[in-house]
Amino acid sequence: MAAGEIRKVLVVDSHTGGEPTRVVLAGGPTLNGDSLAEKREDFRQTQDRFRASIINEPRGSDIIVGALVLAPVNRESTASVIFFNNVGVLNMCGHGTIGLVRTLAYIGSIKPGSHKIDTPVGTVDTILHENGEVTVRNVLSYRWKHDVEVVLDDGTVVMGDIAWGGNWFFLCHVHGLDLHLDNLDALNRVAWQVRRALERDGITGENGGEIDHIELTASAHAPYNDGRNFVLCPGGAYDRSPCGTGTSAKLACLSADGKLKEGDIWRQESITGSVFKGSVDIVDGGVLPSIRGTAYITAEINLVYDAADPLEWGIPAPSGVSCVQQECVER
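Basis of the calculations
- Note that residues are indexed from 1 along each chain, following the sequence as it is written.
- It should be noted that, the model being predicted, local features are given only for residues of pLDDT at least 70 and side-chain atom pairs only at 80 or more, the latter also being counted only at that level, while totals for whole chains, interfaces and linings use all residues.
- Derived side-chain values reflect all non-hydrogen atoms in the structure, with water molecules and hydrogen atoms excluded from consideration.
- The way it works is that DSSP assigns letters per residue, a run of H or I at least four long becomes a helix, a run of E at least two long becomes a strand, and they are numbered from the N terminus.
- As a reference, a globule follows 2.2 Å times the number of residues to the power 0.38, and the radius of gyration itself is taken over C-alpha atoms.
- For each residue, the accessible area found with a 1.4 Å probe, counting protein chains only, is set against the maximum for its type, and the residue is called buried under 20%, exposed over 50%, and partly exposed in between.
- For accessible areas, the Shrake-Rupley method is used with a probe of radius 1.4 Å. Any residue's cover is judged against the shown protein chains and nothing else.
- We score Asp and Glu as negative and Lys and Arg as positive, and we do not count His or the chain ends.
- For this purpose, a charge sits on NZ of Lys, CZ of Arg, CG of Asp or CD of Glu.
- Put simply, a salt bridge is a Lys or Arg side-chain nitrogen that is within 4 Å of an Asp or Glu carboxyl oxygen.

Would you mind going over the overall build of the protein chain with me for this structure?
Regarding its fold elements, the protein chain presents five helices and 16 strands. Its C-alpha radius of gyration of 19 Å places the protein chain within 12% of the 20 Å reference for a compact globule of 331 residues. Taking the principal axes of its C-alpha atoms as reference, the protein chain extends roughly 55 × 45 × 35 Å. Within the span of the protein chain, comprising 331 residues, buried residues form 54% of the whole. When the accessible surface of the protein chain is totalled, it reaches about 13500 Å², and 48% of it is carbon and sulfur. When the 29 basic and 43 acidic side-chain charges of the protein chain are each reduced to a single mean position, those positions are 3 Å apart.

Just to check I follow, could you spell out unusual backbone geometry for this structure?
Across the chain, the bulk of peptide bonds are trans and the bulk of non-glycine residues have phi less than zero. The step from E57 to P58 runs through a cis peptide bond, and the omega angle for that step is 10°. Mapped onto the secondary structure, P58 falls in the loop between α2 (48-55) and β3 (65-70). For D147, which is not glycine, the phi torsion reads 50° and is therefore positive. Looking at the element boundaries, D147 is found in strand β8 (residues 142-151). Judged by relative accessible area, which is 36%, D147 ranks as partly exposed. Despite not being glycine, C243 shows a phi value in the positive range, around 70°. For C243, a relative accessible area of 0% translates into the label buried.

Looking at this structure, how should I read the pattern of salt bridges?
Where charged atoms from two side chains of opposite charge come close, those side chains can pair. Inspection of the entire model under this criterion finds 16 salt bridges. Residues R22 and D13 are paired through a salt bridge, measuring 2.9 Å at the closest nitrogen-oxygen approach. Judged by its relative accessible area of 4%, R22 falls in the buried class. By relative accessible area, D13 is classed as buried at 11%. Of the charged contacts, one joins R195 and E199 as a salt bridge, the two residues approaching to 3.5 Å between their closest N and O atoms. Of this pair, R195 and E199 are both found in helix α4 (residues 184-200), four residues apart, which corresponds to roughly one turn of the helix. Linked by salt bridges that have partners in common, R40, E41 and R44 make up one network.

Without other data, these values stay purely geometric and don't point to any function.
Now the structure itself:
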């Protein structure tokens, strides 16, 4: 833009179980590519300034997930979406899809019923229920490896499963920590040590997929829920919701262990106490998980871009935080 020129980007903010989503409705970039995966790659390569300006300070924060709405790729779909966060471009986001559907309803684009949403990892089926809840039928999810031991830098041994739920997860079930907000510093520290240890030891998902989400699991705090998690996302922020892709990975592990059958409901509790209700359809190679939750609209904003502003494109994420999102994604 020329010096002194002003332009605006229209976004709608929401939160799903406490985890924010920022949907870009107007003013976004034009992307090249025939497939949505190609458009996502073009966004990653050519629009990183735009990504940072939407998510990073001073307009945003490191816990927001962005969702760029595009025309549908498939004729039967309602919309396409590219998700992104404070350090990179994502492939899929469960809580973000719930937020997107609620946003489309808020602006009057859809009514209660079934709606297909195109994502870079495939088309997902969603249902906007009459009560405002949203069900997302996620992509094929599966456990890749069971009971993997990881030695942290301080010698502590943890154990977990490696599973795909739209992102690669290490679901750590032996860690010795209380999953409570009062214990947040320790949870962040240990989860980050787990991620560093996975990188150090070359432990990956299938085909070398980077495990960029760490999920600590434990028993639920509320007696009417089934499990609790703490999820550390790629950019170093923790997920305030139970994490849609993380819950999908958890459901895949439960199914692999014979602890979850078709028709069963698993109530996944987050570190903040918010809940997703999950179920599975069992198929060859894993499960097709369905996640049901609620998002609430929090703001409708015109983000203002001033060419004279030296921080027009946002404050970059710290250089110590890395996020390779080519083959996996978050929140």
